[in-house]
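For reference, the chains in residue letters:
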Amino acid sequence: MARKTDVPSYYGEPRKYDPNFRGPVHNRSSTDVVCCVIFIVVILGYIALGTVAWIHGDPRKVVYPTNSRGQFCGHKNTPNANKSRLFYFNMLKCANPAVLITLQCPTTQLCVSKCPDRFATLLDAWNTKNWEYYKQFCQPGFEISSKSVVEVLRDEDCPSMIVPSRPFLQRCFPDFITRNGILTVANETLFKDGNNNERSVLDLKDAAKGISSLMNAKEVGMKIFEDYANSWDWILVGLVITMVVSLAFILLLRYTAGVLLWLIMFGVVAAIAFGIWHCFWEYSALSGKRGANITISDIGFHTDFSIYLQLRQTWLIFMVSLSVIEVIIVVMLIFLRARLRIAIALLQEGSKAIGYIMSTLFYPIITFFLLAICIAYWAVTAVFLASSGNAIYKVTAADDKCMYANLTCSPKTFSQSNMTTVCPGSQCMFAFYGGESVYHRYILVLHMCNLFMFLWLVNFTIALGQCTLAGAFASYYWALKKPNDIPACPLYSSFSKAIRYHTGSLAFGSLILSVVQMIRVVLEYLDHKLKGCQNKCARFMLCCLKCCFWCLERFIKFINRNAYIMIAIYGKSFCTSSRDAFCLLMRNVIRVAVLDKVTDFLLFLGKLLISGSVGVLAFFFFTRKIPVIQEEVPSLNYSWVPLVTVIFGSYMIAHGFFNVYAMCVDTLFLCFLWDLEVNDGSPHRPFYMDKTLRHILNKKNVQVTSRK
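Quick caveat: nothing in here was measured; it's all calculated off a predicted structure.

Chemist: Mind laying out the overall build of the protein, listing which residues take part and the relevant values?
Modeler: If you tally the helices and strands in the protein, you get 22 helices and 13 strands. When each of the 708 residues of the protein is scored for burial, the buried share is 43%. Contacts in the protein between residues far apart in sequence, at least 24 positions, make up 71% of those at least 6 positions apart. Within the structure as shown, the protein displays about 38300 Å² of accessible surface, and the carbon and sulfur contribution to it stands at 64%.

Chemist: Go over the packing of helix α17 (residues 503-529) against helix α18 (residues 536-570), please, and point to the residues and values.
Modeler: Close contact between α17 and α18 brings their axes to 10 Å; oriented N to C, the two are set at 165 degrees. By the angle between their directions, the pair α17 and α18 is classed as roughly antiparallel. In this structure, α17 crosses over α18, and the sense of that crossing is left-handed. Counted by class, the contact of α17 with α18 contains 15 nonpolar, 5 polar and 7 charged residues.

Chemist: Requested: an account of the state of the cysteines, with residues and values cited.
Modeler: What the rule picks out here adds up to 3 disulfides. Bridging Cys-115 to Cys-172, the disulfide has an S-S length of 2.1 Å. Linking Cys-115 and Cys-172, the disulfide has an S-S dihedral of approximately -85 degrees and is accordingly described as left-handed. Here Cys-115, found in the loop between β2 (109-112) and β3 (120-121), pairs with Cys-172, found in strand β6 (residues 171-174); they are 57 residues apart in sequence, far enough to count as distant. In this structure, Cys-115 and Cys-172 share a single accessibility class: buried. Each sulfur in the disulfide pair Cys-138 and Cys-158 lies 2.0 Å from the other. Looking along the S-S bond of the Cys-138-Cys-158 disulfide, the torsion reads about 115 degrees, which is the right-handed sense. Placement of the pair is Cys-138 in the loop between α5 (131-134) and α6 (149-155) and Cys-158 in the loop between α6 and β4 (161-162), with a sequence separation of 20 residues.

Chemist: Tell me what's going on with the nonpolar core, and back it up with residues and numbers.
Modeler: Counting residues in hydrophobic clusters, the biggest one holds 99 residues, and the most contacted among them are Trp-478 and Phe-672. Ignoring any residue separated from it by four or fewer positions in sequence, one finds Phe-672 in contact with Ile-342, Leu-346, Tyr-477, Met-689, Leu-693 and Leu-697. In this structure, Trp-131, Phe-142, Val-149 and Cys-158 belong to the second largest nonpolar core, which totals 20 residues.

Chemist: Break down the pairing of β2 for me, with residues and values.
Modeler: For a regular strand, the rule is simple: side chains alternate between the two faces of the sheet. Every second residue of β2 is oriented toward a common face, with Gln-109 and Cys-111 on one face and Leu-110 and Val-112 on the other, all of them buried. Where strand β1 (residues 85-88) lies against β2, 4 bridges are found, and the strand directions are antiparallel. Looking at β2, one finds that Tyr-88 is bridged to Gln-109.

Chemist: Quick one: what's the story with empty space enclosed by the protein, residue by residue and with numbers?
Modeler: Applying the stated criterion to the full structure yields 2 cavities of 30 Å³ or more. In this model, the largest cavity occupies a volume close to 90 Å³. Lining the largest cavity we find 12 residues, and of these Phe-87, Tyr-88, Phe-89, Met-91 and Val-163 sit closest to its centre. If you list the elements that add at least two residues to the lining of the largest cavity, you get β1, β4 and β6. The residue inventory of the lining of the largest cavity, partitioned by class, reads 10 nonpolar, 2 polar and no charged.

Chemist: Before we move on, could you go through the pattern of salt bridges and cite the residues and values that matter?
Modeler: Counted under the stated rule, the structure contains 10 salt bridges. Across the salt bridge formed by Lys-557 and Glu-553, the nearest N and O atoms sit 3.5 Å from each other. Here Glu-553 and Lys-557 lie together in helix α18, a separation of 4 residues that amounts to about one turn. Judged by relative accessible area, which is 40%, Lys-557 ranks as partly exposed. The class of Glu-553 is buried, set by a relative accessible area of 7%.

Chemist: Tell me what's going on with the environment of Tyr-308, and back it up with residues and numbers.
Modeler: Locating Tyr-308 in the fold gives a position in the loop between α9 (296-299) and α10 (312-335). Judged by relative accessible area, which is 11%, Tyr-308 ranks as buried. Considering only alpha carbons, one finds Tyr-308 and Ile-294, 14 residues apart in sequence, at a separation of 9.9 Å.

Chemist: Explain the packing of aromatic side chains to me, using residue names and the numbers behind them.
Modeler: Within the structure shown, the criterion is met by 24 aromatic pairs. A centroid spacing of 4.6 Å and a plane angle of 45 degrees characterise the contact between Trp-234 and Phe-621, whose relative ring orientation is tilted. Here Trp-234 is found in helix α8 (residues 211-285), whereas its partner Phe-621 is found in helix α20 (residues 589-622), with 387 residues between them in sequence. Given the relative accessible area of 9%, Phe-621 is considered buried. Here the aromatic rings of Phe-555 and Phe-582 are separated by 6.5 Å at their centres, their planes lie at 80 degrees, and the arrangement is edge-to-face. Linking Phe-555 in helix α18 with Phe-582 in helix α19 (residues 574-586), this pair joins segments that are 27 residues apart in sequence. For Phe-555, a relative accessible area of 42% gives the class partly exposed. Cluster of aromatic residues (ring-pair linked, three or more members): Phe-39, Phe-452, Trp-456 and Phe-460.

Calculation rules
- Residues numbered from 1 in each chain as written.
- Predicted model: local features only at pLDDT ≥ 70, side-chain atom pairs only at ≥ 80, totals over all residues.
- Heavy atoms only, no water.
- Helix = DSSP H or I, 4+ residues; strand = E, 2+ residues; numbered from the N terminus.
- Buried < 20%, exposed > 50% of the residue type's maximum accessible area, 1.4 Å probe, protein only.
- Contact = heavy atoms within 4.5 Å.
- Areas by Shrake-Rupley, 256 points an atom, 1.4 Å probe, with all protein chains shown as cover.
- Axes fitted to C-alpha atoms, helices over the stretch in contact; angles between N-to-C directions.
- Parallel < 35°, antiparallel > 145°, perpendicular 65-115°, else oblique.
- Left-handed = near helix turned anticlockwise from the far one by under 90°.
- Nonpolar A, V, L, I, M, F, W, Y, C, P; charged D, E, K, R; others polar.
- Disulfide = S-S within 2.5 Å.
- Core = buried A, V, L, I, M, F, W, Y, C linked by side-chain atoms within 4.5 Å.
- Pairing = 2+ DSSP bridges.
- 1 Å grid on protein atoms, 1.4 Å probe; cavity = no way out; pocket = protein on both sides within 12 Å on 5 of 7 lines; lining within 4 Å.
- Points joined across faces, edges and corners; volume = space filled by probe spheres on them.
- Salt bridge = Lys/Arg side-chain N within 4 Å of Asp/Glu carboxyl O.
- Phe/Tyr/Trp six-rings, centres within 6.5 Å; stacked < 30°, edge-to-face > 60°.

Next up, the structure:
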């Protein structure tokens, strides 16, 4: 007889017994072939997109700065090969560093071999001994006798002034230094502009806002790099320790899962009980004190939250809240204790499964390798797309009255046009790279296609890993006599089946998820653009859409994960597998909720425990608090650099190991639910679950007694 389920039958009837089923289906056929064909065609199109971007793009436009004539600074075999720095004639025209970095500062930009190291003006340097130094920042080929000072400044053949600068991102920025809280440039607080008027360096600060902090960040970056060079071997030791500890933790869960979980549960209950007692003690201690009986509404909002701790009402609210939480937890433990025991048994069974199929712990390396390929291809394609096109020149006017300002121009014909007559002092300057062809008009669409294909390939890679691991762990569960009946090379067998038969199904599931993620990207972009918008209704609607699509993405990930498990076991299409998995889970919704939360909590605790323990060990080591090995500690500028690296790396390694374990538990759980529905423990329909699970559920397999 089929067992009673937690949810009524409108989520489907329990599965019927199939006498031919003995674990993951071997004789299967290709599923979702149409989607497989579309996926392959789209991948070929993605390769074509990368090829077109490679033909039209030029990464030098991203790597090297470009002067006002569209020439690269510092590029080999060019006139500017020895001039790797970009110098801005009039820094005061630049509003902020973002303008500088995007090469759209409305002033002449020149390739130079080094940045200025002194204050000087054109008027002071004209026909003096300082001219030899000053002229290196003028246009190539300029002769001092060819024009007057007024004409030179009008045509921007030379800068009106130079200020001490340092290179950052191959661009010359003022050498800002803060001394005793005062902003200086080369220890000076005043300088002369092109008209020999004294100006404050604060005027330069407005033109290069934030550059000082970026310069300091560069120095910090060099020290951080030096720390990595000195401590990389010890960082690797810490990460190897993390791998060993993570593996040991997973394998030992078969013995410690139950004890650990119940200790945590009772620890939480005891901690909340202590909190209730402490709140009551504080509430009683404030009795009779002056001002303690004032209500929170009477004093209003204060940034100093310690004020609220002097009120009896605050502690009363805390005490009532903790009491309600305590009652809820105790009631849940009483009524859900059986399901908690099932969850613990499945966690222990997952540890056994990984112990028998150790190769699954190394599969994340394959996933990481495939993801690295996807990320690299996307990044390279994005760079080539961003650097596609020819140099576009715009008219830069001397004032805001020019009718030709910001119009496209040609440097070759600009001097002969009437633009120079109508707009005296205007120049035809390089603005950006682009074009008017079909390719350049749809460059934004190509960027969106590149991003969408990146999301699709990443989700497909993750789906392939989930399906592969699910097939391997399902072969463990459906082995009646473990480990003797476990097939040879279950991981390879599952991987080959997923690639050969179910590429279309995995592509279908990852496509649905990628569409939702792409919509979320568009919503984030709109939210960024509307940050200054005063329309509160639009902001509210956008916030609601972001929340809804975030929830939808989480739901689709949950459905896809369980659908891939069903695909790995039964070899059906994505839609059929999704429906079967969803109905099976909804028929056991309480068990699903309990197992999901227990697993998430235990794995999070494990990650925290492992990364925290290794982090504490690294802290004592790099701060020389371990006397035995003090001499082995490398000399560091910042001890937190290797420490943070070890902690973050440890968490990511533990996350990779525990993702395999979580997939194992989810697979065994679905198999367990299926086992309960189709089998009854008779000789012809025995339960495949572990003895512990059968004992918890009061189930047993009837043995066939042979007659003498």
